[in-house]
Amino acid sequence: MTYIGQPVKRVDGYDKVTGKAKYAAEFNVPDLLYGYVVSAGITKGTIRRIDTGAALSLSGVVQVFTHENRPHTAWFDMNYKDLDAPPGSPFRPLHDDQIKYSGQPVALVVANTFELARYAASLIEVTYDEETFETDLEAHLHETREPASGLASLLKPPPPKPRGNADEALAAAPVSIKARHVHGAQHHNPMEMFATTVDYGKEDKDGTPFLTIYDKTQGALNSQSYVKSVFNLPASHVRVISPYVGGGFGSGLRPQYQLFLAVMAAKALKRSVRVTLTRQQMFTFGHRPNTVQEVELGASADGTLTALKHSAKAATSQFEDYTEVVVNWSGMLYDVPDTTLAYELKPLDIYTPLDMRAPGGVTGDHAIETAMDALAYELGMDPVELRLKNYSEKNWTEDDKPYSSKELRACFQQGADRFGWSTRNPEPRSTKRGNVLVGWGMATGIWDANRLLARAEAVLTVNGKLRVSSATADIGTGTYTIMTQIAAETMGMPIDDVIFKLGDSDMPWAPFQGGSLTASTVGSAVKQVCEDLSKKLFKLASKPSSSPFYDARWDDVVFADGHMRLKSDLSVAMSLRDIVALNGGRAVSETSTSMPNPLKSGKYSKHVHSAAFVEVEVDEDLGTVTVTRAVTAVAGGTILNPRTARSQIIGGMVWGISHALQEDSKMDHRLGRFMNHNLAEYHVPVNADIHDLDVIFVEEHDDIVNPLGAKGLGEIGIVGMPAAVANAIFHATGKRIYDLPITIDRVL
Ligand code: MOS
């Protein structure tokens, strides 16, 4: 019964491809009302008047909520913080007449049908007193400041203090390079629209309803705790269910405003309500921020780095300090005696940015890893060799802790071998294929291997089937599948007898799915609870004096093939079904908590590493770039399921190509609005843009990160790709393009 490490097919695949899997807007509830959001047409100012008369006069329109008539909620008296909230004051929908950013929700129309609500919304007239606003980061770079520190800094440490004197070291360095990178903003754009369906349910004797809330979220408990706090409801009255998520990428890490509006309307109207956002409205609640970065590197003639400076400036909102870890990665990858890392923010009249796949990591990695490429050319050194020359064995940004494991050398070697790197002619513009230039580039990737506390429940039913649950999410990553594998293997059961459930706030506690920490965090809890359950079964089976296990100790038995067996004589066995029968006709259940041991893991820096190799074709007549093939080698510890793991890395690589060449949320600063807020003008790759992608998992053992030895893979696939693409474009053309995305106009 070995399942861990096997390419088990997705256990949720059938439900997903047949449409049986239900998403937040698909749960049907009797007597449902539909809400449609009216978005602000200005960027900053005051609502002078909202005329809702025409909308309300339509038969079938039930109510229009605005700041003037919205119900009082507990939230308007306090500053509740969701689990992913940065320091500051979270935005409160319909709080008052102030407009803080373009697209802010200003009204919710509730009607008998979605179409009617949408039509009625078009009749609402809002007049504003407009104020001037600032949305342009590049115009305000001299006004940045350090971010406020807050809870977010637990997983997002600020840059370490400078060490040595990077300026002096740079001045003295025989070889140096300097670069400035501007990145545009990006939006997550998951396929599934954000939606919340609130089933109003019964009321208790005080008239407080039992709400069942189907929400699009990466954390059912995060949404539940938000609703509890904002509406002052007891946990028993708020159940959040989210079994499937049609893509998250970070957009579901914070409760979004449709959740607030749907619950508010349901409570006020004492009816079930669904609020679904439009694609355009999904450009109004958080994005990867645009950034401006500067990197300087100094090196001795043999390629040893002697100076490193990396600074980043990013936009945030006027009400929250959204922070990312952008520059620390440079100090992790390269242990340079004279280093200065800096990160600053500029509050602008925009909504608060939001974590988006490898937040900060993919941003900073592009800057440092293209700088390393430029330095390699200055030195006349191979880019892989330069990285090996400066390979760091410890993380000075975390008090010089050693890495719990770091098989990055193997990534370089196996990636280079698979790609054919050794045959590369380093000379730019040296390779042509017909009328296109061919270039090869590479880059290193790094991301966190974090683990938090989680709980899980395991139930062995009277039929001898195992049901394991935890309130985590599966945003498409494969969580259902790997948790089923871990449970089946730990219990020694056939995988078809095991079912894993998630996405329900009634289940044992788990953090939201984000930061590549679910496999490590929830996987450890699932393993723990199955071990605890099997001990319980052992006790049950060894109790009766007639039992063949009567004299046995825990160490004497093994769970395999759906049986408990004596290790010394495997024919002495009891089926799990027979063991449960000893429990008086009741299922046997166990709930366990699993958390890292800081004494053990705290001494180490825990990260996942990768090396990306990319080939591009550049057509200089048209300015087009095609990534013809790419290889990414990943050191991710134990690979729980090579099939789902590969999918994670492939998805990240596709997104890395997209990040490098296509994605850009364009703001018109005269309007303060993202203008390409649709999938026609927000460019993402289609199948024709993606060619040969190859993934290698190098062997890596790590008994520090967690009992499974597995590191998360959700983020690492994207991290090295943009730099590798940019470096390949330089190799092809001899032209260093610093800003992202590298669109046609920048190539020409
Ligand atoms: Mo992701 S940005 O960790 O959901």
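Cut-offs and rules
- Residues numbered from 1 in each chain as written.
- Predicted model: local features only at pLDDT ≥ 70, side-chain atom pairs only at ≥ 80, totals over all residues.
- UniProt positions renumbered as here; feature names shortened; annotations may be inferred.
- Helix = DSSP H or I, 4+ residues; strand = E, 2+ residues; numbered from the N terminus.
- Pairing = 2+ DSSP bridges.
- Axes fitted to C-alpha atoms, helices over the stretch in contact; angles between N-to-C directions.
- Parallel < 35°, antiparallel > 145°, perpendicular 65-115°, else oblique.
- Left-handed = near helix turned anticlockwise from the far one by under 90°.
- Contact = placed C-beta atoms within 7 Å.
- Expected span 1.5 Å × (residues − 1).
- Buried ≥ 20, exposed ≤ 12 C-beta atoms within 10 Å, placed from the backbone.

Caption draft 1: Expanded view of the UniProt feature "domain: Aldehyde oxidase/xanthine dehydrogenase a/b hammerhead" (unreviewed entry) in the protein. Within this structure's numbering, the places UniProt gives as "domain: Aldehyde oxidase/xanthine dehydrogenase a/b hammerhead" (unreviewed entry) are residues 18–132. Note that residues 18–132 is 12% helix and 30% strand, and that its end C-alpha atoms are spaced 51 Å apart.

Caption draft 2: Quick peek at the pairing of strand 27 (residues 624–635). As defined by bridge partners, strand 26 (residues 607–619) adjoins strand 27 across 11 bridges and the pair is classed as antiparallel. Counted as the bridge partner of Ser 610 is Val 634 from strand 27. One ladder, built from six bridges, connects strand 27 with strand 30 (residues 692–697); its direction is parallel. Its bridge partner lying in strand 30, Val 634 is registered against Phe 697.

Caption draft 3: Representation of the packing of helix 5 (residues 220–231) against helix 6 (residues 257–269) in the model. It is the contact of helix 5 with helix 6, at a shortest axis distance of 11 Å, that shows an interaxial angle of 50°. In terms of orientation, helix 5 and helix 6 fall into the oblique class. Every pair of crossing elements has a handedness; the one defined by helix 5 and helix 6 is right-handed. Across the interface between the two elements, Ser 223, Tyr 226, Val 227, Val 230 and Phe 231 from helix 5 touch Leu 259, Phe 260, Val 263 and Lys 267 from helix 6.

Caption draft 4: Just helix 5, in detail. With 12 residues, helix 5 ought to run about 16 Å at 1.5 Å a step, and its terminal C-alpha atoms sit 16 Å apart, in line with that. Burial runs high along helix 5: 10 of the 12 residues are buried. The secondary structure elements touched by the buried residues of helix 5 are strand 9 (211–215), strand 10 (238–241) and helix 6. Downstream of helix 5 by one or two residues, Asn 232 has phi in the positive range, about 55°.

Caption draft 5: A look at the environment of Pro 157. Within the secondary structure, Pro 157 is located in the loop between strand 6 (125–130) and helix 4 (166–172). Note on Pro 157: 14 C-beta atoms within 10 Å, which makes it partly exposed. C-alpha separation for the pair Pro 157 and Asn 328, spaced 171 residues apart in sequence, amounts to 8.4 Å. Once residues lying within four places of it in the same chain are set aside, the contact partners of Pro 157 are Val 325 and Asn 328.

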